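Residue-level listing of the chains:
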Amino acid sequence: MYSTLAKTGLVLAACLVSGMAWASCAGPPSLETRIKSHADAPAYVDLGNWFGDHHQYDCAAEAFRSALKFEPTSASLYYLVGLSLFSSGHAEEAVGALQQSIQIAPDEVKSHLILGAALEQAHRNKEAMTEWVAALKIDPHSTEAIDWLSKGLVAEGDFGDAIALLRSAPRDENLTIRLAEAYDKAGMLDKAADVLKPALNAKPSSLPLTEALTTILVKQTLYQDAIRLAAKAAKLHPGNLEAERQYFRLLVLNDDYALATPLGQKLLIRAPHDFDILYLNGIMERAAGKFPTARKHLEEAVRLQPNHYNARYNLGVVLSELNDASGAKEQLEKAIELGASEPEIRFTLASALRTLGEADEANQQLKLYQQELQAKNNRTLAASKAAQGDKELATGDPQKAVAFYREAVTATPKDILLSFKLALALDRTGNIDEERTLLEQAVKVDPSFALAQNQLGYLASRSGDSASAEEHFRNALRAAPGYTQAWVSLAATLGMESRFPEAQQAVASALKLDPQNAEALQLRKDLEAAQTQH
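Worth saying up front: this structure is predicted, and the values here are computed from it rather than measured. (Residues numbered from 1 in each chain as written. Predicted model: local features only at pLDDT ≥ 70, side-chain atom pairs only at ≥ 80, totals over all residues. Heavy atoms only, no water.)

1. Observations regarding the overall build of the protein chain
- The secondary structure content of the protein chain amounts to 30 helices and zero strands.
- Along the longest, intermediate and shortest principal axes, the C-alpha atoms of the protein chain span 90 × 80 × 45 Å.
- Of all 534 residues assigned to the protein chain, the portion counted as buried reaches 48%.
- Taking contacts inside the protein chain between residues at least 6 apart in sequence as the whole, the part at least 24 apart equals 48%.
- Taking the 54 positively charged and 68 negatively charged side chains of the protein chain as two groups, their mean positions are separated by 3 Å. (Helix = DSSP H or I, 4+ residues; strand = E, 2+ residues; numbered from the N terminus. Buried < 20%, exposed > 50% of the residue type's maximum accessible area, 1.4 Å probe, protein only. Contact = heavy atoms within 4.5 Å. Lys, Arg positive; Asp, Glu negative; His and termini not counted. Charge placed at Lys NZ, Arg CZ, Asp CG, Glu CD.)

2. A short note on the packing of helix 2 (residues 29-37) against helix 3 (residues 41-53)
- Where helix 2 contacts helix 3, the two axes come as close as 10 Å, and the packing angle between them is 155°. The orientation of helix 2 relative to helix 3 falls into the category roughly antiparallel. By crossing handedness, the relation of helix 2 to helix 3 is classed as left-handed. For the pair helix 2 and helix 3, contact is made by Leu-31, Glu-32, Arg-34 and Ile-35 and by Pro-42, Ala-43, Tyr-44, Asp-46, Leu-47 and Trp-50, respectively.
- For the contact of helix 2 with helix 3, a count of residues per class yields seven nonpolar, no polar and three charged. (Axes fitted to C-alpha atoms, helices over the stretch in contact; angles between N-to-C directions. Parallel < 35°, antiparallel > 145°, perpendicular 65-115°, else oblique. Left-handed = near helix turned anticlockwise from the far one by under 90°. Nonpolar A, V, L, I, M, F, W, Y, C, P; charged D, E, K, R; others polar.)

3. With respect to helix 18 (residues 291-304)
- With 14 residues, helix 18 extends 20 Å between its outermost C-alpha atoms, agreeing within 8% with the 20 Å of an ideal straight helix rising 1.5 Å per residue.
- Among the residues of helix 18, those classed as buried are Phe-291, Ala-294, His-297, Leu-298, Glu-300, Ala-301 and Val-302.
- Buried residues along helix 18 sit in contact with helix 16 (257-270), helix 17 (275-287), helix 19 (309-321) and helix 20 (325-338). (Expected span 1.5 Å × (residues − 1).)

4. Here's the deal with the state of the cysteines
- Going through the model one piece at a time under the given rule, you end up with one disulfide.
- With its sulfur 2.1 Å from that of its partner, Cys-25 forms a disulfide with Cys-59. Across the S-S bond linking Cys-25 and Cys-59, the dihedral sits near -80°, which makes this disulfide left-handed. Of this pair, Cys-25 sits in the loop between helix 1 (2-8) and helix 2 while Cys-59 sits in helix 4 (residues 57-70), placing them 34 residues apart in sequence. (Disulfide = S-S within 2.5 Å.)

5. Quick notes on the side chain of Arg-178
- Tracing the sequence through the fold places Arg-178 in helix 11 (residues 173-185).
- Residue classification places Arg-178 among the buried positions, given a relative accessible area of 16%.
- For Arg-178, the side chain forms a polar contact with the side chain of Asp-147, separated by 2.7 Å. (Polar contact = N/O pair within 3.5 Å; in protein donor to acceptor, adjacent residues only side chain to side chain.)

6. Focus on unusual backbone geometry
- At Asn-323, a residue that is not glycine, the phi angle is positive and equals roughly 65°.
- Among the secondary structure elements, Asn-323 is positioned in the loop between helix 19 and helix 20.
- Of note in this structure, Ser-498 is not a glycine but carries a positive phi near 60°.
- With respect to the secondary-structure elements, Ser-498 resides in the loop between helix 28 (484-496) and helix 29 (500-513).

7. With respect to the environment of Arg-303
- Inspection of the secondary structure puts Arg-303 in helix 18.
- Sequence separation of Arg-303 and Asp-433 is 130 residues, and the distance between their C-alpha atoms is 56 Å.

8. What about the packing of aromatic side chains?
- Applying the stated criterion across every chain yields a total of six aromatic pairs.
- Geometrically, the ring pair formed by Phe-347 and Tyr-369 is tilted, given 5.1 Å between the ring centres and 55° between the ring planes. Residue Phe-347 is located in helix 21 (residues 343-355), and its partner Tyr-369 is located in helix 22 (residues 359-394); the two are separated by 22 residues in the primary sequence.
- What makes Phe-347 partly exposed here is its relative accessible area of 44%.
- Residues Phe-420 and Phe-449 carry aromatic rings whose centres are separated by 5.7 Å and whose planes lie at 65° to one another, so their mutual orientation is edge-to-face. Here Phe-420, found in helix 24 (residues 416-429), pairs with Phe-449, found in the loop between helix 25 (432-445) and helix 26 (450-462); they are 29 residues apart in sequence, far enough to count as distant.
- Sitting over the face of the ring of Trp-148, Lys-151 holds its NZ or CZ atom 4.1 Å from the ring centroid. (Phe/Tyr/Trp six-rings, centres within 6.5 Å; stacked < 30°, edge-to-face > 60°. Lys NZ or Arg CZ within 6 Å of the ring centre and 35° of its normal.)

9. A few points about the side chain of Glu-285
- Mapped onto the secondary structure, Glu-285 falls in helix 17.
- This buried residue, Glu-285, is left without a salt bridge; Lys-290 holds the nearest opposite charge, at 6.8 Å.
- Not counting chain neighbours up to four residues away, the residues in contact with Glu-285 comprise Gln-265, Lys-290, Thr-293, Ala-294 and His-297. (Salt bridge = Lys/Arg side-chain N within 4 Å of Asp/Glu carboxyl O.)

10. Focus: the environment of Asp-172
- Relative to the helices and strands, Asp-172 is located in the loop between helix 10 (159-167) and helix 11.
- According to the relative accessible area criterion, Asp-172 is partly exposed, its value standing at 30%.
- Taking the C-alpha atoms as reference points, Asp-172 and Asp-190, separated by 18 residues in sequence, lie 20 Å from one another.

11. So, the pattern of salt bridges
- Inspection of every chain in the model, using the stated rule, returns 34 salt bridges.
- A salt bridge links Glu-181 to Arg-178; its shortest N-O distance comes to 3.3 Å. Note that Glu-181 and Arg-178 are positioned in helix 11 at a spacing of three residues, about one turn of the helix.
- Owing to a relative accessible area of 38%, Glu-181 belongs among the partly exposed residues under this scheme.
- A salt bridge links Lys-219 to Asp-184; its shortest N-O distance comes to 2.6 Å. With Lys-219 in helix 13 (residues 207-219) and Asp-184 in helix 11, this pair connects stretches of sequence that are 35 residues apart.

Have a look at this one:
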């Protein structure tokens, strides 16, 4: 019931559903008769709760406003007005009522929670976080406050504080997933997996935990592990559409069509108008040469999600195979407009244009195809040479690594990550001048390249230029606030300048991200000892 939800504050998710606006608010006859015969605050509260239970939030707000006329200093009534306005999608209007409620009764957790949610919906994120902090001070164990505050911190890029907050929170499924998401955003995929795996072991049937962990495994390119996990979830939840859809998606991603095909047919019967199921079946049918069936499924997928460029690309290829050059042209051009970048799309489009008699346009697409194909081949070569370089560097032969990385950079000179790898190999061979040149070129192209900024900071620190080192480390952290090593490096630099409070803060930030980081733990001890001597 709405009246129950309003008393608990556990309404944040439900409140996101916008209520219906009613030209006239008519409650049940018994309540309307009661108000006509004896209008008072309790009568209007009951009416407001009835409207809320029936998702008529605008009407609920009006009923609670009427109750306020009888009890103008009631914090709970201002809260109910604010809650109703927020529930009906009027976040800005809700803010004033909720602030009034808090002014009268500042220690009500639920008011701070809903006010924070309303402020966030109104894109006033800093103010929203202030309210969630206030809620947490009142009730340090409030999982709602922890959830919303951590989400706000992650949105602000403050991964360390989000992780520290979630790591010390009561462990429930939702907060575990939120912690894994914070690690993921901070670029710490191993930590995210380490959080999710024991949680899933303790609760192996949890679909949300399974989905979160499969997402991390895919990002780690551990596709077989992700597929095994998804298969297990589908087996534990027979008939669960989401579990089977996730398993199906991963099978197609891994080109395992032998297993995916019968599952896809089964899912088409159960959910014939589901985008993912239509699209993925269309991909497999295209690969199998079943073009009429693929056309049917991909056309419906495009109708459902017209901005999905891969669906349009696959449909364009299918239409080309079915000799529908005009339809193929339309789909392929739209796919390119939406961001499709595979060279093959240009080749297929050129074929369709030539069939339509548009020779000049076809030649232009073929030219682009050749350019993009060469670029793709160069990227493939660069990836192969870089992998060889990685292997040589790992086995202790930096000279050979440098040679392989040079070939990779020659193939793709604009790939600053490969330039960074070459710079690291050069560092191992003692060629510091060329290393620095490569790093400076990289950050000139992309000042937010945190890895290169951090390495430049290391070089500056090694040469005794603490000011430049600090600048580079801070640039790295502005780009990647979850970069633990940059926090440690910054702390060390600040410590060398005897700026101990700032250094300790930097170490604390590193340990928020990684509490077991040996370098940070030792540095904290060294800083404490050095500070004692001053």
